[in-house]
Amino acid sequence: MARYIMKRLTAAIVTLLIIISVVFILVRQMPIEGYFDNFDKLDANIVRARLVQMGLTDPLFTQLKRFLGNLARGDLGTSARYSVGVPIRKILLTKIPVSLQLGLSSMALSLLLGVPLGVAMARSQTRYKARLWDAVGTVFIVFINAVPAAVYHIYLQAFGSRALNTSMLFSREQPLTWVLPILSMSLGSTAYYAMWLRRYMVDELNKDYVALAQAKGVTNQKVLARHVFRNAFVPMIQYLPTSLLYTVSGSIYVESLYSIPGMGGLLVDVIRRQDNPMVQILVIIYSCIGVVGLLLGDMLMVAIDPRISFAKKAGAR
Amino acid sequence: MMRGDNIPVLSIKDLVVRFDLRGQSLTAIRGASLELYGGESLAIVGESGSGKSVLVKSLMGMLDKNGRVAGGSIRYNGQELTEFRTEREWLSIRGREIAMVMQDPMTSLNPLKTIGEQIGEAISLHQNLRGTARRDAIHGMIADVGISDPLRRARQYPHEFSGGMRQRVVIAIAMACKPKILICDEPTTALDVTIQAQILELIKDLQLKYKLTVIYITHDLGVVARVADRVAVMYAGDVVEQGTTEEIFFEPAHPYTWALLSSLPQLGRKGEPLCAIEGTPPSLFEAVKGDAFAPRNTRALRIDGLYAPPSFQITRTHSAKTWLLDPLAPRIEPPEAIRRLRG
Amino acid sequence: MIRLRTVVARKLEDAPVGTLVEAIPPRDPRLFEEQPFDRSNAERIGYSNYSYWGSALRAFLRRPVAVALLCVLAALIAFTFIQPLLPGQYPATLIINHPLTKRQLSSVPPTLSTALAKAPAGTPLIARPYNDPEWAAVTNLVGVIQRRVKFTVVEYAGGWLRVSSGGAEGWVANDFTNKLKLPGDPSDVPYDAQSNFPVNMFLSPNDYTNAGNELFARRADLEMDASGESAVTIRETQLRILPYQNGFWFGTNLIGQDLWALVWSGTRTSLFIGFMVALVEAGIGILMGIVWGYVRRLDRILTEIYNVLDNIPTTIVLILVSYIMRPSVRTLIFAMCLTTWVGMARFIRNQIVIIRDRDYNLASRCLGAPLPRVIVRNLLPYLVSVIMLRMALAIPGAIGSEVFITYIGLGLPVSVPSLGNLINEGRKLLSTSQSYQLVFPTIVLSIITISFYMIGNAFADSADPKNHR
């Protein structure tokens with residue numbers, strides 16, 4: 001088991017290094033305007049001097065080595081256009097708490113909505129008729145999955161703010177303006193949790209051990225709670241760390257739409273401002289979150305599911 | 001374990017079970033009648049799809065959600081089980097009176113709970129034990145089904161057990177309910193041949209120890225010969241013949257039973273082709289006209305295609321649903337292989 | 001010893017089936033004769049005529065919603081191609097200016113037709129200079145009587161008054177009682193009057209203008225006088241707001257482009273992106289999957305590549321690639337396919353590994369079925385269902401990504417109509433009276449994405465033999 005974790009950890013670190021290098025090299029291919037806040041007014045000589053000063057004329061490999069070294073020391077560089085000369089780390093530190101607050105709330109909300117919905121849908125599968133919840137849930141899931149999030153968020157913002165009688169934009173001081181962004185962010189994962197929980201639970205429901213538990217004389221209610229739900233939730237636990245980590249980065253679209261001063265909104269801002277160093281760092285952070293999330297998810301599964309360490313040892317990939 | 005004149009503990013009469021399948025109605029049990037006597041071992045045999053499993057599931061109210069009892073009666077202990085509607089009513093039967101051992105031990109245990117927890121669940125429900133008493137009961141149960149080192153084993157997960165061991169655990173769970181009737185649904189099909197005999201022995205031992213009535217569901221006639229006192233042969237959702245094991249093996253009366261026995265490879269002779277039953281069972285989506293086996297019966301009578309045969313009592317213990325037993329029917333001898341079995 | 005137990009015909013609550021409810025047979029010895037064995041009878045319900053594709057099709061047809069959506073989608077896709085060929089369509093990127101004022105026709109609300117009024121034959125009109133072989137700009141507005149300017153009412157005709165003012169004569173509408181100083185009995189003409197507001201004076205008792213602006217009529221319907229300054233209708237004539245036959249069915253956008261044409265053009269772009277992404281993803285995925293599965297030496301390296309690519313959020317790849325490359329349809333397709341093919345490749349690879357290992361395939365090969373036959377009969381049905389599902393879901397995914405990437409500002413240039421561009425433009429107007437500029441693209445987009453999603457899932461379900469009867 002320790003060996004499996006070590007292997008998985010090494011693989012994650014290698015993946016991270018590859019991602020960072022590729023992103024770094026790709027961003028170096030961008031036009032150099034992205035490193036100056038007033039490129040048009042600058043003299044060619046000054047531009048060259050500044051490029052040399054920033055080390056952007058060095059061989060790519062030297063630059064990469066320096067960049068990785070800086071990252072390892074926790075130096076993320078400075079912003080070039082978004083807020084000139086400010087260390088990126090400082091900018092991020094003001095953004096992360098906002099995203100984290102909203103993200104955690106939305107994650108809690110989506111678990112709170114999605115899990116009961118998934119259970120209700122699976123439960124209505126156990127009955128012959130009265131599949132109301134399944135129908136309601138299916139419509140919801142199809143809608144959320146099929147209609148691009150970029151579209152329904154717009155409508156939710158417009159109609160929601162009218163219904164709640166609040167501003168369309170986020171403001172930290174007004175609690176009511178928190179409602180819509182949190183709801184928006186949670187819709188996708190609510191549908192996700194409901195869909196997968198339903199699917200896993202229906203899979204479990206058809207397994208023999210459920211019949212055996214019933215034959216023991218356990219009530220249907222308890223079979224669902226103690227056996228089916230528990231077992232169906234285990235595969236979902238794998239994705240919880242990823243969801244949790246993404247709350248740090250926030251939803252790119254929602255944050256931008258509501259002008260929330262968080263990480264996601266920041267990414268859109270720096271892209272529109274063509275701030276190369278910041279785009280680079282943010283893209284790297286988002287990719288790392290994906291890798292780390294999956295890694296943590298796998299670790300969590302090893303800890304929770306007694307079968308996994310066994311199966312892995314038995315030689316599955 | 002002859003039954004004498006005792007009253008059956010469980011009696012199924014003209015049971016009809018239907019399933020709604022994608023807008024169509026499938027009649028899985030077509031008026032089957034069967035009795036179960038205290039302390040006996042009854043084997044229900046028949047090919048896949050003949051309704052064996054559905055029959056026993058209807059005894060526990062565990063039909064799939066699209067299935068229902070559409071007619072007939074199941075009487076147990078003075079209760080009419082077909083009138084049970086709520087889960088509460090069924091809970092007085094499930095586990096408490098009738099327990100079940102499922103076919104595939106690899107899937108019938110919850111992979112995420114320890115063996116101890118799973119046995120304990122049944123013990124808490126039916127023996128009302130708590131704390132150390134419960135723990136001792138769990139360990140006792142594990143030991144009872146022949147698993148050594150119960151203290152350690154109770155903390156292990158199903159994947160740490162072999163197939164045969166898991167089946168012992170499943171039996172332990174069923175026995176932990178302290179049932180009066182144990183249904184074993186193909187208990188050995190998924191196991192190695194070497195393990196099969198051990199499991200059957202275990203069930204037999206437990207039957208003696210706890211004065212159980214056991215229903216075996218199987219298509220393995222070898223198992224039947226080994227464990228059963230009485231045999232019921234099912235075909236296309238109906239019990240076509242029932243009798244003591246000796247009667248079924250040596251005096252079979254129904255052409256389907258003949259065919260079933262003839263297809264035993266052991267009865268074949270070197271050089272002769274193996275006997276197989278031609279054709280396929282009838283579609284249960286449609287009403288069956290006459291004797292369900294008639295289309296596959298090489299020596300069917302004209303009436304077989306027109307009228308369903310009633311049950312003819314051959315001896316006190318032996319009955320069969322075939323027109324061959326009608327006084328008007330011609331004398332048709334069982335096939336060669338059956339006579340060989342007899343001789 | 002043998003005792004016949006009579007079967008009593010009992011009425012059960014349920015329909016009669018076989019054994020239970022049959023009448024007692026007549027005691028006729030002929031019934032007990034042996035019958036010849038009919039082999040075909042024995043096989044009656046054998047599943048020998050099972051055909052996978054036929055069953056899949058039948059299972060699909062049993063889903064009315066999916067079938068309906070498939071029809072809607074097919075019609076919609078067909079229409080996007082037919083639309084430019086229809087008569088009277090505006091080119092999608094054409095900025096429509098008002099022919100006389102030369103201002104952009106921005107945010108014209110949805111109108112079915114440009115027709116405003118019908119003038120009967122013989123209506124006198126004033127022609128305005130407008131150089132077009134087909135259309136003439138006309139009005140019957142003679143002029144405006146300024147406020148507090150005296151004029152004489154010469155005829156009273158209920159709703160309209162014929163007046164003369166400063167040498168000109170014409171009709172003014174009599175719907176402004178408070179504006180006119182009228183004598184006690186207004187029909188007692190002539191009398192002098194004046195208004196507190198400017199009043200439009202028309203050539204005939206009708207308002208053939210669009211809020212004071214010119215209307216357009218076909219030259220063929222008019223008889224111009226020599227000077228070209230006045231005209232008379234020679235037959236009943238449709239007067240139009242604009243010199244076009246069709247209205248703006250979806251209105252116009254902020255810069256005066258026809259939204260109807262834009263939506264269909266945008267749909268074409270978005271569908272093209274969607275289909276290309278689905279095809280490229282499937283193509284590369286299947287190809288790489290086969291290589292991955294067959295060339296065992298490459299298994300390790302490809303697995304590692306998969307692990308890396310699978311870990312990166314696709315949104316981020318999309319953003320990064322679009323950030324680095326110039327925005328274009330090709331960039332978008334490239335960015336969307338860059339990492340998503342690994343999923344398909346992995347699936348194909350796993351299937352190929354299964355070909356080698358799974359029992360029924362082993363069985364088929366042992367029975368002497370050649371490999372291609374094993375692939376076609378055993379593998380293809382399953383493969384096709386999953387490939388089709390993935391492709392069907394890739395299309396709405398790609399369309400959604402395009403909307404998203406356009407929002408961020410990395411999408412297609414505004415000169416290329418796409419649903420993303422339209423939605424991004426319309427987004428700002430949702431809370432205004434011009435919300436139709438968002439609503440129409442949204443409706444078309446939602447129909448497409450929901451249809452693909454539902455059809456894809458329905459297809460995958462029907463391709464699953466478990467759902468076959």
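Calculation criteria
- Residues numbered from 1 in each chain as written.
- Chains lettered and ligands numbered in written order.
- Predicted model: local features only at pLDDT ≥ 70, side-chain atom pairs only at ≥ 80, totals over all residues.
- Heavy atoms only, no water.
- Helix = DSSP H or I, 4+ residues; strand = E, 2+ residues; numbered from the N terminus.
- Buried < 20%, exposed > 50% of the residue type's maximum accessible area, 1.4 Å probe, protein only.
- Lys, Arg positive; Asp, Glu negative; His and termini not counted.
- Charge placed at Lys NZ, Arg CZ, Asp CG, Glu CD.
- Expected span 1.5 Å × (residues − 1).
- Arc of directions from axis to C-beta.
- Contact = heavy atoms within 4.5 Å.
- Phe/Tyr/Trp six-rings, centres within 6.5 Å; stacked < 30°, edge-to-face > 60°.
- Salt bridge = Lys/Arg side-chain N within 4 Å of Asp/Glu carboxyl O.
- Nonpolar A, V, L, I, M, F, W, Y, C, P; charged D, E, K, R; others polar.
- Core = buried A, V, L, I, M, F, W, Y, C linked by side-chain atoms within 4.5 Å.
- Axes fitted to C-alpha atoms, helices over the stretch in contact; angles between N-to-C directions.
- Left-handed = near helix turned anticlockwise from the far one by under 90°.
- Pairing = 2+ DSSP bridges.
- Patch = residues over 30% accessible without salt bridge, like charges linked within 9 Å, V, L, I, M, F, W, Y side chains within 5 Å.
- Areas by Shrake-Rupley, 256 points an atom, 1.4 Å probe, with all protein chains shown as cover.
- Parallel < 35°, antiparallel > 145°, perpendicular 65-115°, else oblique.

Asker: Please explain the overall build of chain A as it appears in this structure.
Answerer: Tallying secondary structure elements over chain A gives 14 helices and 0 strands in all. Listed by position from the N terminus, the elements making up chain A come as α-α-α-α-α-α-α-α-α-α-α-α-α-α. Principal-axis analysis of the C-alpha atoms gives chain A an extent of 85 × 55 × 30 Å. Of all 317 residues assigned to chain A, the portion counted as buried reaches 50%. Averaged over its 33 positive side-chain charges, chain A has a centre that lies 10 Å from the centre of its 16 negative ones.

Asker: What's the story with helix H3 (residues 60–72) of chain A in this structure? I'm lost.
Answerer: An α-helix turns once every 3.6 residues. As a result, residues three or four positions apart point the same way. All names here are of chain A. Between its first and last C-alpha, H3 extends 18 Å over 13 residues, near the 18 Å set by a 1.5 Å rise per residue. Those residues of H3 not exposed but buried are Gln63, Leu64, Phe67, Asn70 and Leu71. When H3 is viewed along its axis, its buried side chains cluster within an angular range of 125 degrees and face the same direction. The outward face of H3, more than 90 degrees from its buried face, is lined by the exposed residues Phe61, Lys65 and Ala72. The secondary structure elements touched by the buried residues of H3 are helix H1 (2–28) and helix H13 (276–304). Note on H3: the residue one or two positions beyond its end, glycine 74, has a positive phi of about 85 degrees.

Asker: What should I look at first to understand the packing of aromatic side chains in this one?
Answerer: The relative placement of two aromatic rings is captured by the distance of their centres and the angle of their planes. Residues and elements named next belong to chain C. Summed over the entire model, instances satisfying the criterion amount to 29 aromatic pairs over all chains. Look at phenylalanine 79 and tryptophan 264: their rings are 4.9 Å apart centre to centre, the planes differ by 80 degrees, and that puts the pair in the edge-to-face class. Of this pair, phenylalanine 79 sits in helix H3 (residues 64–82) while tryptophan 264 sits in helix H4 (residues 259–294), and the two are 185 residues apart along the sequence. Its relative accessible area of 23% is what places phenylalanine 79 among the partly exposed residues. Since its relative accessible area comes to 7%, tryptophan 264 is described here as buried.

Asker: Would you mind showing me how to read the interface of chain A and chain B here?
Answerer: It is common to report an interface's size as the accessible area lost on association of the parts. Contact with chain A, which involves 25 residues of that partner, is made by 30 residues of chain B. Along the contact surface separating chain A from chain B lie 2 salt bridges. Residues lysine 216 of chain A and glutamate 121 of chain B are paired through a salt bridge, measuring 2.9 Å at the closest nitrogen-oxygen approach. Breaking the side of chain A that touches chain B down by element, the ones donating at least two residues are helix H8 (208–216), helix H9 (220–237) and helix H14 (306–313) of chain A. Here the side of chain A that touches chain B gets 7 residues from one element, more than from any other, and that element is H8 of chain A. Its residues placed into classes, the side of chain A that touches chain B shows 9 nonpolar, 8 polar and 8 charged.

Asker: Help me understand the side chain of threonine 114 of chain B, please; the structure alone is not making it clear to me.
Answerer: Residue and element names in this part refer to chain B. Mapped onto the elements of the fold, threonine 114 is located in the loop between strand E6 (98–101) and helix H3 (115–126). Given the relative accessible area of 12%, threonine 114 is considered buried. If sequence neighbours within four positions are ignored, threonine 114 has contacts with Ala154, Arg155, Gln156 and Tyr157.

Asker: Sorry, what's going on with the nonpolar core here?
Answerer: Nonpolar side chains tend to gather and get buried jointly when the protein is soluble and globular. Residues Ile252 and Leu267 of chain A together with Ile319 and Ile408 of chain C are the most contacted members of the largest nonpolar core, which totals 135 residues. Ranked by residues supplied to this core, first place goes to helix H9 (residues 371–408) of chain C with 14 residues. For leucine 267 of chain A, the residues in contact, after removing those within four places along its chain, are Ile252, Leu282 and Tyr286 of chain A together with Ile316 and Ile319 of chain C. With 111 residues, the next largest nonpolar core counts Ile29, Ile115 and Ala320 of chain B together with Leu31 of chain C among its residues.

Asker: Explain the packing of helix H4 (residues 88–125) of chain A against helix H7 (residues 176–205) of chain A here, please?
Answerer: Between two packed helices, what matters for the description is the angle formed by their axes and the separation of those axes. All names here are of chain A. At a closest axis distance of 6 Å, the pairing of H4 and H7 adopts a crossing angle of 35 degrees. Considering the relative orientation of H4 and H7, their crossing is right-handed. Each residue belonging to the contact of H4 with H7 can be placed in one class, and the counts come to 20 nonpolar, 10 polar and 1 charged.

Asker: Just to check I follow, could you spell out the sheet that holds strand E4 (residues 67–76) of chain B for this structure?
Answerer: All names here are of chain B. Ordered in space as E2-E1-E4-E5, the 4 strands form an open sheet in which the pairing is antiparallel. Sheet topology places strand E2 (24–36) and strand E5 (79–80) at the edges, where each strand pairs with a single neighbour. Judged from the 10 bridges that link them, strand E1 (residues 10–21) and E2 form a sheet pairing that is antiparallel. When the sheet's bridge partners are listed, leucine 15 is paired in E2 with alanine 32. Together, E1, E2 and E4 form the strand contacts of helix H1 (residues 52–59), whose direction differs from that of E1 by roughly 110 degrees.

Asker: Looking at this model, I keep getting lost on unusual backbone geometry. Mind explaining?
Answerer: Most peptide bonds are trans, and most residues other than glycine sit at a negative phi. In this structure, serine 259 of chain A is a non-glycine residue whose phi angle is positive, near 50 degrees. One can find serine 259 of chain A in the loop between helix H11 (252–257) and helix H12 (263–273). Judged by its relative accessible area of 45%, serine 259 of chain A is partly exposed. Phi at alanine 236 of chain B is positive, roughly 50 degrees, even though this residue is not glycine. Position of alanine 236 of chain B among the secondary structure elements: in the loop between strand E9 (230–235) and strand E10 (238–244).

Asker: Explanation requested: a nonpolar patch on the surface in the structure shown.
Answerer: Residues and elements named next belong to chain C. On the surface, a nonpolar cluster with roughly 520 Å² of combined accessible area is contributed by Ile290, Val291, Tyr294, Val295, Leu298, Ile301 and Ile305. If you list the elements that add at least two residues to the nonpolar patch, you get H4 and helix H5 (299–311). In terms of residue count, H4 provides more of the nonpolar patch than any other element does, 3 residues in total. Within the fold, isoleucine 301 resides in helix H5. Judged by relative accessible area, which is 48%, isoleucine 301 ranks as partly exposed.

Asker: Before we go on, may I ask you to explain the pairing of E1 of chain B in this structure?
Answerer: In summary, the side chains of a regular strand alternate between the two faces of the sheet. Residue and element names in this part refer to chain B. Counting buried positions over the 12 residues of E1 gives 9, a clear majority of the element. As paired strands, E1 and E4 are joined by 8 bridges and run antiparallel to one another. Of the residues in E4, the one forming a bridge with arginine 18 is arginine 68.

Asker: Help me understand the packing of helix H6 (residues 149–164) of chain A against H7 of chain A in this model?
Answerer: All names here are of chain A. One can describe the packing of H6 onto H7 by two numbers: an axis separation of 10 Å at closest approach and a directional angle of 150 degrees. Regarding the angle of H6 to H7, the classification is roughly antiparallel. H7 is crossed by H6, and the crossing has right-handed handedness. Note on element contacts: H7 touches H6 through Leu176, Val179, Leu180, Leu183, Ser184, Leu187 and Gly188, opposite Tyr152, His153, Leu156, Gln157, Gly160, Ser161 and Leu164.

Asker: Got a minute to help me understand the environment of lysine 180 of chain B in this structure?
Answerer: Residue and element names in this part refer to chain B. Note that lysine 180 resides in the loop between helix H6 (163–176) and strand E7 (181–185). Linking lysine 180 and aspartate 291, residues 111 residues apart in sequence, is a C-alpha distance of 35 Å. Discounting residues that sit within four places of it in the chain, lysine 180 has contacts with Tyr76, Arg96, Glu97, Leu212 and Thr213.

Asker: Explain H6 of chain A here, please?
Answerer: Residue and element names in this part refer to chain A. In a regular helix each residue adds 1.5 Å, so 16 residues correspond to 22 Å; H6 covers 21 Å between its end C-alpha atoms and thus fits that length. What H6 keeps buried is the set Ala150, Val151, Tyr152, His153, Ile154, Tyr155, Gln157, Ala158, Gly160 and Ser161. A positive backbone phi angle near 60 degrees is found at asparagine 165, which sits one or two residues after H6.

Asker: Would you take a moment to explain the pattern of salt bridges for this structure?
Answerer: Pairing is possible between side chains of opposite charge, provided their charged atoms come close. Throughout the structure, instances matching the rule amount to 24 salt bridges over all chains. Residues glutamate 333 of chain B and arginine 331 of chain B are paired through a salt bridge, measuring 3.5 Å at the closest nitrogen-oxygen approach. Residue glutamate 333 of chain B is classed as partly exposed on the basis of its relative accessible area of 37%. Judged by its relative accessible area of 75%, arginine 331 of chain B is exposed. Arginine 162 of chain C is paired through a salt bridge with glutamate 169 of chain C; the nearest N and O atoms lie 2.4 Å apart. Through salt bridges with shared partners, a single network forms among Lys216 and Arg226 of chain A together with Glu121 of chain B.

Limitation: the analysis is restricted to geometry and does not speak to function.
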